[in-house]
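Observations on chain architecture
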Amino acid sequence: MHDLETDGHRARKRFGQNFLSDPNIIRKIIDGIRPQPGELMVEIGPGLGAMTEPLIERLGHLHVVEIDRDLIARLHERFTPAQITVHEGDALKFDFGSLCNDEGAQDRQRLRIVGNLPYNISTPILFHLAGFADSVKDMTFMLQKEVVMRMVAEPGTEEYGRLSVMLQYRFRMGRLFDVPPGAFRPAPKVMSSIVRMAPLPADQLGAKDEELLGRIVTAAFGQRRKTLRNTLRAFLDEADFDALHIDPGLRGEKLSVAQYVAIANHCAALR
Ligand code: SAM
């Protein structure tokens, strides 16, 4: 399959490049973000600048993280250093917390993160960003609709899984609206959605050992058809299930986020 050319740039599939081209959708997304002058914001994957320009107009200055050298060169030509700080490289390796560090501890400005995310790295980037929740005010992303449905899914539904539990543990999330393939060049094959994520206050999180929570959730959803008795065998025996008031005959998709936290804390206490 050939890569398509947009605005003189050959869209690279390996970087998940689908550029927004519908001005009404762009306006709707920017209105949804509601950027205010002086806010600390970073855009992941600015691409040809569809969102970058209106964001800079409203904010004054914007940080961006972009991997494609050709696009980086264009950004430097189009915007002044006072308007944009370009961080060249892979967003999956970028230390988003470093953008907040210049301020004194008391009036430290929290970061807003936005982006029309490359679909090929959507799950790893969400997990990477979850690690910076303490430094973040909110995040607004465009993602494949199917991924957004999994992020916001309720227990007991087919879409509910590891992504739902681990993100809902840390963020309040809401799907804002859908964006059809025709809004992009080249058009992707799938529908997209805009999702808003706001970190929950640290005292609401509750897991004593988050790494252990992650391992338990991964095990519970590793083999979706098996019951918790099987998938969590390494963590819980029948007496533990009794103590937790959880039926070991259930499948992982039936448990709420709070129940996973209860399991992780039970296991942490046993150590
Ligand atoms: N924001 C632009 C828009 O809405 O038209 C472009 C969106 S396009 C779906 C994704 C952008 O992310 C591209 O500019 C691509 O080069 C960039 N990108 C892909 N992988 C990346 C990575 N690992 N780190 C940083 N940027 C990446």
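Residues numbered from 1 in each chain as written. Predicted model: local features only at pLDDT ≥ 70, side-chain atom pairs only at ≥ 80, totals over all residues. Heavy atoms only, no water.

**Considerations on the packing of aromatic side chains**
This model, assessed by the stated rule, comprises 4 aromatic pairs. Geometrically, the ring pair formed by F96 and F132 is edge-to-face, given 5.8 Å between the ring centres and 65° between the ring planes. A residue pair is termed long-range when its members are at least 10 positions apart, and F96 in the loop between strand 6 (84-88) and strand 7 (111-116) and F132 in the loop between helix 4 (122-130) and strand 8 (136-144) qualify at 36 residues. The same class applies to F96 and to F132, which are both buried. Between the aromatic rings of Y160 and F221, the centroid separation amounts to 6.0 Å while the plane-to-plane angle is 75°, which identifies the pairing as edge-to-face. In this pair, Y160 sits in the loop between helix 5 (145-151) and helix 6 (162-170) while F221 sits in helix 7 (residues 210-222), placing the two residues 61 residues apart along the sequence. For Y160, a relative accessible area of 0% puts it in the buried group. We classify F221 as buried; its relative accessible area is 10%. Feature note: the residues F94, F96 and F132 constitute an aromatic cluster, connected by ring pairs. A cation sits over an aromatic face here: R14 above F15, 4.6 Å from the ring centre. One residue, K28, lies across the ring of F177, its end atom 4.3 Å from the ring centre. (Phe/Tyr/Trp six-rings, centres within 6.5 Å; stacked < 30°, edge-to-face > 60°. Helix = DSSP H or I, 4+ residues; strand = E, 2+ residues; numbered from the N terminus. Buried < 20%, exposed > 50% of the residue type's maximum accessible area, 1.4 Å probe, protein only. Lys NZ or Arg CZ within 6 Å of the ring centre and 35° of its normal.)

**A few points about the site of the ligand**
The environment of the ligand is formed by 22 residues, the closest being L20, G45, E66, D90 and N116. At 2.8 Å from an oxygen atom of the ligand is found a side-chain nitrogen or oxygen belonging to Q17. Within the backbone of G45, an N or O atom sits 2.8 Å from a nitrogen atom of the ligand. Calculation on the ligand without its partners gives an accessible area of 590 Å², and the protein chains cover 97% of this total. Within the residue set of the shell around the ligand, elements represented by two or more residues are strand 3 (19-20) and strand 5 (62-66). A breakdown of the residues in the shell around the ligand according to their chemical character gives 11 nonpolar, 7 polar and 4 charged. (Near = heavy atom within 4 Å. Polar contact = N/O pair within 3.5 Å; in protein donor to acceptor, adjacent residues only side chain to side chain. Areas by Shrake-Rupley, 256 points an atom, 1.4 Å probe, with all protein chains shown as cover. Nonpolar A, V, L, I, M, F, W, Y, C, P; charged D, E, K, R; others polar.)

**Some points on the pairing of strand 6**
Regular strands place side chains that alternate from one sheet face to the opposite one. As defined by bridge partners, strand 5 adjoins strand 6 across 5 bridges and the pair is classed as parallel. The residue of strand 6 that forms the bridge with H63 is T85. At this point the chain moves from strand 5, through helix 3 (residues 69-78), to the parallel strand 6, and the crossover so formed is right-handed. (Pairing = 2+ DSSP bridges. Right-handed = clockwise from strand over helix to strand, strands pointing away.)

**Regarding the domain arrangement of the chain**
Interface extent is often summarised as the accessible area lost during association of the parts. Here the chain is described as being made up of domain 1 (4-202) and domain 2 (210-270). The partner domain 2 presents 15 residues to the 12 residues of domain 1 that form the contact. At the boundary of domain 1 with domain 2, the tally comes to 1 salt bridge. R170 is the salt-bridge partner of E210, the closest N and O atoms lying 2.3 Å from each other. Of the residues that constitute the side of domain 1 that touches domain 2, the class distribution is 5 nonpolar, 4 polar and 3 charged. (Domains from an automatic or database assignment. Contact = heavy atoms within 4.5 Å. Salt bridge = Lys/Arg side-chain N within 4 Å of Asp/Glu carboxyl O.)

**Notes on the pattern of salt bridges**
A full pass over the atoms with the stated rule returns 14 salt bridges. One salt bridge connects R175 with D178, and the closest N-O pair in it is separated by 3.1 Å. Residue R215 pairs with E211 through a salt bridge whose shortest N-O separation is 3.0 Å. With R215 and E211 both in helix 7 and 4 residues apart, the pair spans about one turn of that helix. According to the relative accessible area criterion, R215 is partly exposed, its value standing at 37%. Here the salt bridges share partners, and the residues they tie into one network are E39, R112, K137 and D138.

**Structural notes on the nonpolar core**
Across soluble globular proteins, nonpolar side chains show a tendency to be buried alongside one another. Core analysis: the biggest nonpolar cluster contains 31 residues, and F96, I113, F141 and M151 have the highest contact counts within it. Listed by contribution, the elements that provide at least two residues to this core are strand 4 (41-44), strand 7, helix 4, strand 8, helix 5, helix 6, strand 9 (171-179) and strand 11 (192-199). Residues in contact with F96, not counting those within four places in the same chain, are V42, I44, V65, A91, L111, I113, H128, L129 and F132. Counting residues in hydrophobic clusters, the runner-up holds 27 residues, among them L205, L232, V257 and A264. (Core = buried A, V, L, I, M, F, W, Y, C linked by side-chain atoms within 4.5 Å.)

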